[in-house]
Amino acid sequence: MPTFHLACLSLPVHRCAFTGDGFRVASFSDDRSVALWDVGGEARLLTLSGHTDYVRAGTCSPAAPDTLVSGGYDHAVRVWDARAAACTAVMEHGAPVEAVLVFPSGGLVVSAGGTEVRVWDLAAGGAPAQPTQPPQQDGHLSLFDTASYQLVHTLEYPSPVLSLAIGLDDSKIVVGMADGLVSIEDRRREEARPRQPLRIQLDKYDLHLRRFEFSRALDAVLEREVALRSAVEAHLAYLDGLLALQGSLDMASLPTTSPRSDAVGGGPT
């Protein structure tokens, strides 16, 4: 696979995204810039400036290939028109923005940062599209109805959630956490087959060991050994009886011989 490098930026690039047409790539950098690159021509097409702090979030509209959305640590969410090389809307998130998302229709933008997730209506010039939700807690994932923006479900995790992905059919949720764990949850499987508690039948001696009753555990083992030995002895006795019966039947089936009535050398007179 051929590899080429575009002109380097001065600081780390934390996000890249293809435009809807697939021919260009947008980059979002700590140098506070948003850049658009031509993949085929291996060149920078334009640089968009306006953020006053790191740009750690960015994406491209799936409905409009010339619309870019960026989120910065300056708390701003900016919408850009690549054709005019200009910013068309600025929304104040209220905290450093860590992630942005554009709805498939292209009309709504979601921003996440701090403890809040906000939805913006681009058709209304970037006005808030939903009432402010209460702050979310670390280790919790909240699911909202996009029609009413009401909380419908909450998932709990053992560590703060840093990243999230949802499968194309909405059946799987993948979460990356601060402790290095990745959790994959299949919602479709859970709905089809509710989880049942795992039940394991423990041996009697194991139950005593778990209760630190060592003498009773030893007695249980000995009882099991005696019972096993008795069962084996009973089975062997049964086999011996079968063999003895078979021997008797074989003897009874042998032919019998009658004594001769004529003496040796004798005959009719």
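Model, not experiment: these values are computed from the prediction.

### Quick notes on the pattern of salt bridges
Enumeration according to the criterion identifies seven salt bridges in this entry. For Asp66, the salt bridge identified is with Arg24, shortest N-O distance 3.0 Å. Taken together, the residues span a long stretch of sequence, with Asp66 in the loop between β5 (55-60) and β6 (67-72) and Arg24 in strand β2 (residues 24-29) at a distance of 42 residues. Measuring nitrogen to oxygen at the nearest pair gives 3.2 Å for the salt bridge that ties Arg83 to Asp81. Given a relative accessible area of 66%, Arg83 falls into the exposed group. Classification of Asp81 by relative accessible area gives buried; the value is 17%. Linked by salt bridges that have partners in common, Asp21, Arg24, Asp66, Asp81 and Arg83 make up one network.

### Remarks on the nonpolar core
Core analysis: the largest hydrophobic core is formed by 12 residues, namely Ala17, Ala26, Phe28, Val34, Leu36, Leu46, Leu48, Val55, Cys60, Leu68, Trp80 and Ala82. Those elements that provide at least two residues to this core are β2, β3 (33-38), β4 (43-49) and β5. Not counting residues up to four positions away in its chain, the partners in contact with Val55 are Phe28, Ser29, Asp30, Arg32, Ser33, Val34, Ser70, Gly71 and Gly72. If you look at the next biggest cluster of nonpolar residues, it comprises 11 residues, including Ala57, Val79, Ala89 and Val109.

### Considerations on the sheet that holds strand β10 (residues 108-113)
Strand pairing in a sheet relies on backbone hydrogen bonds, with the paired strands running either antiparallel or parallel. Reading across the sheet, the four strands line up as β9-β10-β11-β12 and stay open at both edges, with antiparallel pairing between neighbours. Because the sheet does not close on itself, it has two edges, and the strands there are β9 (99-102) and β12 (127-128).

### Focus: the sheet that holds β4
One open sheet holds the four strands; their spatial order is β1-β2-β3-β4, and the pairing between them is antiparallel. Edge strands, defined here as strands with exactly one partner in the open sheet, are β1 (13-18) and β4. Strand-to-strand, the axes of this sheet are offset by a mean angle of 20 degrees, without reference to chain direction. The pairing of β3 with β4 spans six bridges and is antiparallel. Residue pairing across strands places Trp37 opposite Arg44, the latter belonging to β4.

### Here's the deal with the packing of aromatic side chains
Inspection of every chain in the model, using the stated rule, returns one aromatic pair. Relative to Tyr73, the ring of Tyr54 lies with its centre 6.2 Å away and its plane at 55 degrees, an arrangement referred to as tilted. Here the residue Tyr54 occupies a position in the loop between β4 and β5, and Tyr73 occupies one in the loop between β6 and β7 (76-81), the gap between them amounting to 19 residues. Taking the ring centre of Tyr73 as reference, the NZ or CZ of Arg56 above it sits at 5.0 Å.

Each value, and the rule that gives it
- Residues numbered from 1 in each chain as written.
- Predicted model: local features only at pLDDT ≥ 70, side-chain atom pairs only at ≥ 80, totals over all residues.
- Heavy atoms only, no water.
- Salt bridge = Lys/Arg side-chain N within 4 Å of Asp/Glu carboxyl O.
- Helix = DSSP H or I, 4+ residues; strand = E, 2+ residues; numbered from the N terminus.
- Buried < 20%, exposed > 50% of the residue type's maximum accessible area, 1.4 Å probe, protein only.
- Core = buried A, V, L, I, M, F, W, Y, C linked by side-chain atoms within 4.5 Å.
- Contact = heavy atoms within 4.5 Å.
- Pairing = 2+ DSSP bridges.
- Axes fitted to C-alpha atoms, helices over the stretch in contact; angles between N-to-C directions.
- Phe/Tyr/Trp six-rings, centres within 6.5 Å; stacked < 30°, edge-to-face > 60°.
- Lys NZ or Arg CZ within 6 Å of the ring centre and 35° of its normal.

Taken by themselves, the reported measurements are silent on function.
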